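Descriptive analysis of the structure
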Amino acid sequence: MNIDKKVYKKYADAHAPKSPIVKDCLFAFLVGGGICALAQGLRDIYSRLLGLGEETGALLTSVTLILAAVVLTALGVFDKIAKHAGAGTFVPITGFANSIASSAIDSRAEGFVLGVGAKIFTVEVL
């Protein structure tokens, strides 16, 4: 069965659910901004309140965000947040930590060497 590309596009557009773009963008903005505000708060706590210095505060902030993203991924919470927040959760450090942790979790049944070791840095494209 051959279908013309224009006919198929028209059919697909007519049957695809409409996305609430404004609501999605606003929610992604708020969640992404919240993650960034949390990171800035952590950096201020580490560097100023605890007196660890700017470099150490920045380092501990990155480690804290990575740890939080990995734990939330392992518990299945990160995916639920990402389902609603969309691109807002892909603030670079948390999005990268999620992609690495989810690859490791998905491939652990294949063993540590051929599963986790070989596939930990693969990113699943949807």
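Residues numbered from 1 in each chain as written. Predicted model: local features only at pLDDT ≥ 70, side-chain atom pairs only at ≥ 80, totals over all residues. Heavy atoms only, no water.

**Some thoughts on the pattern of salt bridges**
Worth spelling out the cut-off: The working definition used for a salt bridge is a side-chain nitrogen of Lys or Arg within 4 Å of a carboxyl oxygen of Asp or Glu. Secondary structure elements follow DSSP: runs of H or I no shorter than four residues count as helices, runs of E no shorter than two count as strands, and numbering proceeds from the N terminus. Think of it in three bands: with a 1.4 Å probe and only protein chains considered, a residue is buried below 20% of the maximum accessible area for its type, exposed above 50%, and partly exposed in between.
By the definition in use, this model includes 2 salt bridges. Arg43 serves as the salt-bridge partner of Glu54, at 3.4 Å between the closest nitrogen and oxygen. With Glu54 in helix 3 (residues 54-75) and Arg43 in helix 2 (residues 21-49), this pair connects stretches of sequence that are 11 residues apart. A relative accessible area of 31% places Arg43 in the partly exposed class.

**Describing the packing of helix 2 against helix 3**
Here is the rule we go by: Only the stretch in contact is used when fitting a helix axis, every axis being a line fitted to C-alpha atoms; angles between N-to-C directions are given from 0 to 180 degrees. Orientation categories follow fixed angle ranges, with anything under 35 degrees roughly parallel, anything over 145 roughly antiparallel, 65 to 115 roughly perpendicular, and all other angles oblique. If you view the pair so one helix is near and one far, a crossing is left-handed when the near helix is turned anticlockwise from the far one by less than a right angle, and right-handed when it is turned clockwise. Two residues qualify as a contact provided that any one of their heavy atoms is within 4.5 Å of a heavy atom in the partner residue. As a working rule, the residues Ala, Val, Leu, Ile, Met, Phe, Trp, Tyr, Cys and Pro are called nonpolar, Asp, Glu, Lys and Arg charged, and the rest polar, with Gly in that last group.
Two elements in contact, helix 2 and helix 3, have axes whose closest approach is 8 Å; the angle formed by their N-to-C orientations is 135 degrees. Compared by their axis directions, helix 2 and helix 3 come out oblique. Crossing handedness for the pair helix 2 and helix 3: right-handed. Judged by residue contacts, Leu38, Ala39, Leu42, Arg43, Tyr46, Ser47 and Arg48 of helix 2 engage Glu54, Gly57, Ala58, Leu60, Thr61, Thr64 and Leu65 from helix 3. For the contact of helix 2 with helix 3, the per-class residue count stands at 7 nonpolar, 4 polar and 3 charged.

**Description of helix 2**
Our working definition: Here, expected helix span is obtained from the residue count minus one, scaled by 1.5 Å.
Taking 1.5 Å per residue as the helical rise, helix 2 with its 29 residues ought to reach 42 Å, and the 40 Å between its terminal C-alpha atoms agrees with that figure. Among the residues of helix 2, those classed as buried are Ala28, Val31, Gly32, Ile35, Ala39, Leu42, Tyr46 and Ser47. Positive phi shows up at Gly51, right after helix 2, with a value of about 65 degrees.

**A look at the confidence of the model for the protein chain**
Note the cut-off: For every residue, the predictor states its confidence as a pLDDT score lying anywhere from 0 to 100.
When pLDDT is averaged across the protein chain, the result is 80; 81% of the residues are at 70 or more. Here helix 6 (residues 112-119) stands out as the least confident element of the protein chain, with mean pLDDT 59; helix 2 is the most confident, with 90.

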